[in-house]
Amino acid sequence: MNIIAITGTICKDLELRYTGNNKSVMENTLAVRKGIKNKETGKYDCDFIDFVCFEKKAEYLDEYAKKGDKIEVVGKLRVDNWKDDKDNYHKRTYIVADSINILSSKPKEEKNPYEDFGNSIKTDFDKTEQIKIEESDLPF
């Protein structure tokens, strides 16, 4: 069974793109905090995990999320292998999202995505610890 769920911080500005068939797609990277602190710095290190989402999920992220927001991605782990023109092998591991939940964000237009549900949804997500990502932290 191939199911993965991660929670992390969006590392890059979001960019909604479209395929040749006009299918919306978004790729990005999550900084996922490791469970133990670095002995030298006293801070938590992160793993950087790529993900991709399509259509409604991509459009939802584009409308309501931004770089630095904490999200949960549930999907399937995918590994692509290929050989380039110079016979070098390459490998890319990423998550294809089946669902995405925004855990800490304010919509770009200050619209509450839960307003249609009244006051029945309450969260404590604003109390979660945010991970500060610097450009120098990114592996690319």
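Please refer to the structure placed before this passage.
Residues numbered from 1 in each chain as written. Predicted model: local features only at pLDDT ≥ 70, side-chain atom pairs only at ≥ 80, totals over all residues. Heavy atoms only, no water.

A. The arrangement of the overall build of the protein chain in detail. Broken down by element type, the protein chain carries one helix and six strands. Reading the helices (α) and strands (β) of the protein chain from amino to carboxyl end gives β-β-β-β-α-β-β. Taking all 140 residues of the protein chain together, the buried fraction comes to 27%. Looking at the protein chain alone, contacts between residues at least 24 apart form 58% of all its contacts between residues at least 6 apart. (Helix = DSSP H or I, 4+ residues; strand = E, 2+ residues; numbered from the N terminus. Buried < 20%, exposed > 50% of the residue type's maximum accessible area, 1.4 Å probe, protein only. Contact = heavy atoms within 4.5 Å.)

B. The arrangement of the side chain of Thr29 in detail. Take Thr29: it is sitting in strand E3 (residues 24-37). A polar contact is formed between the side chain of Thr29 and the side chain of Asp50, at a distance of 2.7 Å. (Polar contact = N/O pair within 3.5 Å; in protein donor to acceptor, adjacent residues only side chain to side chain.)

C. Just the nonpolar core, in detail. If you look at the biggest cluster of nonpolar residues, it comprises 18 residues, and the most contacted ones within it are Leu30, Phe51, Cys53, Leu61, Ile71, Val73 and Ile100. Broken down by element, this core gets its largest block of residues, four residues, from strand E6 (residues 89-104). (Core = buried A, V, L, I, M, F, W, Y, C linked by side-chain atoms within 4.5 Å.)

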